[in-house]
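Each chain is listed here by its residues.
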Amino acid sequence: MCENCKGKYYITTAIAYTSGKPHIGNTYEIVLTDAIARFKREQGYDVYFQTGTDEHGQKIQEKAESSGVTPKAYVDEKAAAVKDIWDLMDTSYSSFIRTTDEDHEKEVQKIFQKLYDQGDIYKSEYEGLYCTPCESFWTESQLVDGKCPDCGREVKPAKEEAYFFKMSKYADRLIKYMNENPDFIYPVSRKNEMMNNFLLPGLQDLCVSRTTFTWGIKVPFDPKHVVYVWLDALTNYITKIGYHVDGNSEDLFNKNWPADLHVIGKDIIRFHTIYWPIFLMALDVPLPKKIFGHPWLLMNGGKMSKSKGNVMYADDLVNIFGVDAVRFYLLHEMPFDNDGTITWELLVERINSELANTLGNLVNRTISMSNKYFGGVVSDKGVAEDPDAEFKETITAIRDKVAGKMDKLHVADALNELFNLFRRCNKYIDETAPWVLAKDDAKKDRLSTVLYNLTEGIAIGANLLRSFMPKTAENILKQINDTARSFDDLDKFGLYKSGNKVTETPEILFARLDEKEILAKAEELYKGEKEENKMEVQGVDVEKKPTITFDDFEKLQMRVGLILECEEVPKSKKLLKSKVQIGNETVQILSGIKAWYKAEDMVGKRVMVLTNLEPRMIAGFESQGMILCAEDDENHVVLMQPDTDIKPGSEIG
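Quick notes on the rules
Residues numbered from 1 in each chain as written. Predicted model: local features only at pLDDT ≥ 70, side-chain atom pairs only at ≥ 80, totals over all residues. Heavy atoms only, no water. Helix = DSSP H or I, 4+ residues; strand = E, 2+ residues; numbered from the N terminus. Buried < 20%, exposed > 50% of the residue type's maximum accessible area, 1.4 Å probe, protein only. Contact = heavy atoms within 4.5 Å. Areas by Shrake-Rupley, 256 points an atom, 1.4 Å probe, with all protein chains shown as cover. Lys, Arg positive; Asp, Glu negative; His and termini not counted. Charge placed at Lys NZ, Arg CZ, Asp CG, Glu CD. Phe/Tyr/Trp six-rings, centres within 6.5 Å; stacked < 30°, edge-to-face > 60°. Lys NZ or Arg CZ within 6 Å of the ring centre and 35° of its normal. Salt bridge = Lys/Arg side-chain N within 4 Å of Asp/Glu carboxyl O. 1 Å grid on protein atoms, 1.4 Å probe; cavity = no way out; pocket = protein on both sides within 12 Å on 5 of 7 lines; lining within 4 Å. Points joined across faces, edges and corners; volume = space filled by probe spheres on them. Nonpolar A, V, L, I, M, F, W, Y, C, P; charged D, E, K, R; others polar. Core = buried A, V, L, I, M, F, W, Y, C linked by side-chain atoms within 4.5 Å. Pairing = 2+ DSSP bridges. Axes fitted to C-alpha atoms, helices over the stretch in contact; angles between N-to-C directions. Parallel < 35°, antiparallel > 145°, perpendicular 65-115°, else oblique. Left-handed = near helix turned anticlockwise from the far one by under 90°. Right-handed = clockwise from strand over helix to strand, strands pointing away. Patch = residues over 30% accessible without salt bridge, like charges linked within 9 Å, V, L, I, M, F, W, Y side chains within 5 Å.

**Q** Any chance you could explain the overall build of the protein chain here in plain terms?
**A** What the protein chain contains, in helices and strands, is 22 helices and 28 strands. The dimensions of the protein chain, computed from C-alpha atoms along their principal axes, are 95 × 65 × 40 Å. For the protein chain, buried positions account for 54% of its 653 residues. The long-range share in the protein chain, meaning contacts at least 24 apart out of those at least 6 apart in sequence, stands at 76%. Accessible surface, the protein chain as shown: approximately 28,700 Å² in total, 47% of it carbon and sulfur. Each charge sign in the protein chain was given a centre, from 83 positive and 104 negative side chains, and these centres are 2 Å apart.

**Q** Hey, could you run me through the packing of aromatic side chains in this one?
**A** Geometry of an aromatic ring pair is reported as the spacing of the ring centres plus the angle between the planes. Tallying each qualifying case throughout the model produces 30 aromatic pairs. When the centroid spacing of 6.1 Å and the interplanar angle of 25° are considered together, the rings of Phe165 and Tyr170 count as stacked. The residues Phe165 and Tyr170 share a single accessibility class, namely buried. On the basis of an interplanar angle of 90° and a centroid distance of 5.2 Å, the ring pair of Tyr177 and Phe184 is categorised as edge-to-face. Within the aromatic cluster, the residues linked to one another by ring pairs are Tyr10, Tyr48, Tyr237, Tyr243, Phe253, Trp257 and Trp276. Just above the ring of Tyr45 sits the side chain of Lys40; from NZ or CZ to the centre is 4.8 Å.

**Q** Explanation requested: the pattern of salt bridges in the structure shown.
**A** Close approach of charged atoms lets side chains of opposite charge pair. Within the structure shown, the criterion is met by 40 salt bridges. Among the salt bridges present, the one from Lys224 reaches Glu161, with a minimum N-O distance of 3.2 Å. Of this pair, Lys224 sits in the loop between strand S10 (209–210) and strand S11 (226–227) while Glu161 sits in strand S7 (residues 156–165), and the two are 63 residues apart along the sequence. The partly exposed category is assigned to Glu161, whose relative accessible area is 26%. The salt bridge partner of Glu354 is Arg423, with a shortest N-O separation of 3.1 Å.

**Q** Would you explain empty space enclosed by the protein in this entry?
**A** Empty space among the atoms becomes apparent when a probe as large as a water molecule is rolled across them. The final tally for this structure, using the stated rule, is two cavities of 30 Å³ or more. When its volume is computed, the largest cavity comes out at roughly 70 Å³. Residue lining of the largest cavity: 13 residues in total, with Tyr28, Met334, Pro335, Leu409 and Val411 positioned closest to the centre. Only helix H1 (24–43), helix H12 (323–332) and helix H15 (411–432) provide two or more residues apiece to the lining of the largest cavity. Its residues placed into classes, the lining of the largest cavity shows 12 nonpolar, one polar and no charged.

**Q** It is not clear to me how the nonpolar core should be interpreted in this structure. Could you clarify?
**A** In globular proteins that are soluble, nonpolar side chains generally tend to be buried together. Counting 99 residues, the largest nonpolar core has Phe321 and Phe468 as its most contacted members. Broken down by element, the residue count for this core peaks at 12 residues, all from helix H13 (residues 344–374). In contact with Phe468, other than residues within four places in its own chain, are Ala35, Arg327, Leu331, Val402, Met406, Val411, Ala414, Leu415 and Leu418. By size, the runner-up hydrophobic cluster in this structure holds 65 residues, among which are Ile15, Ile185, Val208 and Val245.

**Q** Would you mind showing me how to read the pairing of strand S13 (residues 291–294) here?
**A** Consecutive residues of a regular strand have side chains that alternate between opposite faces of the sheet. Neither face of S13 is left uncovered, since the one carrying Ile291 and Gly293 and the one carrying Phe292 and His294 both have all their residues buried. As judged from the two bridges shared by strand S8 (residues 185–186) and S13, these two strands associate in the parallel manner. Paired with Tyr186 across the strands is Phe292, a residue of S13. In the sheet, strand S12 (residues 261–265) pairs with S13 via four bridges, with the strands oriented parallel. Opposite Val263, over in S13, you have Phe292 as the bridge partner.

**Q** Is there a simple way to think about the sheet that holds strand S9 (residues 206–207) in this case?
**A** By way of backbone hydrogen bonds, the strands of a sheet pair with one another, either parallel or antiparallel. Strand order in the open sheet formed by four strands is S6-S5-S7-S9, with antiparallel pairing between adjacent strands. If you trace the sheet from one side to the other, it starts and ends with strand S6 (136–138) and S9, each paired once. In terms of strand pairing, strand S5 (residues 121–131) meets S6 through three bridges, oriented antiparallel. Directly across from Cys131, in S6, lies its bridge partner Ser136. Contacting S6, S7 and S9, helix H10 (residues 269–283) runs over the sheet at an angle of about 30° to S7.

**Q** What should I look at first to understand the packing of helix H17 (residues 444–465) against helix H18 (residues 470–479) in this one?
**A** When two helices pack together, their arrangement is given by the angle between their axes and by how far apart the axes lie. Contact geometry for H17 and H18: axes closest at 8 Å, N-to-C directions at 155°. By the criterion of interaxial angle, the relationship of H17 to H18 is roughly antiparallel. For the pair H17 and H18, the sense of crossing is left-handed. Between H17 and H18, the contacting residues are Ile458, Ala459, Ala462, Asn463 and Leu465 on the first element and Pro470, Thr472, Ala473, Ile476 and Leu477 on the second. Along the lines of polarity and charge, the residues of the contact of H17 with H18 split into eight nonpolar, two polar and no charged.

**Q** Help me out: how do you make sense of the pairing of S12 in this one?
**A** Across the five residues of S12, five count as buried, placing the element largely inside the fold. The parallel pair S12 and S13 is bridged by H10, and the resulting crossover is right-handed.

**Q** So what exactly am I meant to see when it comes to unusual backbone geometry here?
**A** Peptide bonds are trans in most cases, and residues, glycine excluded, mostly fall at negative phi. Cis peptide bonds are those with omega within 30 degrees of zero, and the linkage from Tyr186 to Pro187 qualifies with -5°. Tracing the backbone through its elements, the reader meets Pro187 in the loop between S8 and helix H6 (188–199). Of the consecutive residues Trp257 and Pro258, the connecting peptide bond is found in the cis state with omega at 5°. Tracing the backbone shows Pro258 in the loop between helix H9 (251–256) and S12. Positive phi values are uncommon outside glycine, yet Leu409 reaches one of about 65°. Among the secondary structure elements, Leu409 is positioned in the loop between helix H14 (388–407) and H15. Classification of Leu409 as buried rests on a relative accessible area of 6%. Phi angles above zero are rare outside glycine, and Ala433 is one such case at about 45°.

**Q** Would you mind showing me how to read a negative patch on the surface here?
**A** The grouping of Glu345, Asp514, Glu515 and Glu517 at the surface amounts to a negative patch. Secondary-structure assignment places Glu515 in helix H19 (residues 515–525).

**Q** Any chance you could explain the packing of H15 against H17 here in plain terms?
**A** Running from N to C, H15 and H17 point in directions that differ by 170°, and their axes come no closer than 10 Å. The orientation of H15 relative to H17 falls into the category roughly antiparallel. For the pair formed by H15 and H17, the contact residues are Leu415, Leu418, Phe419, Leu421, Phe422, Cys425, Tyr428, Ile429 and Thr432 on the first element and Arg446, Val450, Asn453, Leu454, Gly457, Ile458, Ile460, Gly461, Ala462, Leu464 and Leu465 on the second. For the contact of H15 with H17, the residue count by class is 15 nonpolar, four polar and one charged.

**Q** How do you make sense of the side chain of Lys78 when you look at a structure like this?
**A** Within the secondary structure, Lys78 sits in helix H3 (residues 71–88). Nearest to the buried, unbridged Lys78 among oppositely charged side chains is Glu77, at 4.2 Å.

**Q** I'm lost on the environment of Pro506 in this one. Help?
**A** Mapped onto the elements of the fold, Pro506 is located in the loop between strand S18 (500–501) and H19. On the basis of relative accessible area, Pro506 is assigned to the partly exposed category, the value being 22%. As a C-alpha pair, Pro506 and Pro201 span 305 residues in sequence and 63 Å in three-dimensional space. Among all residues touching Pro506, those that are not within four sequence positions of it are Asn364, Ile367, Ser368, Asn371 and Gln479.

These figures come from the coordinates and say nothing about function on their own.
Here is the structure:
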């Protein structure tokens, strides 16, 4: 444990589902949690920060099969992609768990066995309405407009043998706990939702095994069953730190549990605030201290979805803006309990106004004036005038204001308080007008004092900035020739060593951006993906398009095509290139279906083709039509095919 430590602090993110590359909305959670973890370390806590990936389930098995690889190979690739993004974003996690880790799988089997032996799990048969994307069963009464109440997608009737957990056995105990611990679920609106919508109406027993797929942890005493997602995924918070159901838990678990904070998205709040506490009660393990259900990051007013085509990725943004600029935006633009918004235009505006102007310009001006007037030497001559006292008081009060916001998990407000420090420094420049002082030799010591005060203010701000923008903070301290300070000293003014020399050539922290240039880069960045996506027709969860006339419809020529040849397009992750016979004509068509269909399996298929689409160049090849497909919100793509061997060239309409 750290010297003079204030105690342990165990913080976790939800584990990312390995169904695809995490988008910027997914990435928000790891950056948010990292900022909290870093700030706790700065305050003197011994922080253990865990994240990872959730790798079992029906969706994974289906995606692996459609990609032509084993589930393990599929999740190995996706887990590596998640970890790469987390590392790119400079997150300081202590451990990264994968639910395919052998030690986790073995402990989940032991947990399942214990719960079964003590009568909390029993075998029965489930018949209900099943949502594959959510991997959840629902009753008719739980549906919303006939669809899954969690994600709004279609559900299908399903019936299978399964093991169930007796949720109702622990419901009253959980209700009592929530009432006695009002800060357990944060913000309180999430608690009210769980209590009124799920707990008080009465909990149904939870299906905790499946037999319709095989990619999961085997039930130890009945191996045709696999452990259902939530009993597997949620237990990661204790298995990775050494929990053992037999009572011989490791020191890491004994030190860190109960968790101080679970950081999760609001869409999985029910699983973490109802299922997870009840599992822990059944295991006689203390409950986590706090569960924070954060809001979503939305793009153009909607939740990000690959099938909606409104996705941004962290690595793309970092390539354009840099890591710390992206971290700043994510942390600064997300309200505590309301959804945030991200657009290219907003990114440019915030970076220009806050990072380039408020912060970057402040540091550059201060260092440049120190070099211009004193050869880079910063000395406190003790010549105090107005508004020095108020300036120092404002600067030294910022630490506790930031800490107060962070204690309440109001991270965006905390970052805004910190930038108030930089704004106050800029105001101090305007108030003291160093360029005017420099014209009067009698004011030389006053000018030196002003520049010292500015440098000291920047030093305090840079130290506070380390939790949010670590590389930028390090860069600032290097440029002003200062070292990191103890958090306990950040309410003290005057610790910058008088006589220090700043860098001779200040580095521009954040250059101003041209919105048109950035939008052009964004367009070019996603151009290839957009072109490939145009080859796929979305069938679920899309905005309703304007009504067309019959004359408009008659302009479309759709015919049956027979695929004669098919091959992969080099260097494309999505495209297949097909030679398609349509009547007496053969055309070349590119389709973004490589993830779902092998080239060799396409040959001989009869497909529906839009034939009078204007030819276009895609990935260096001309595409002379469109093979029609259906795609749902989970990116499951299916060719639209006639159900008989109808003659190629036959009209559709």
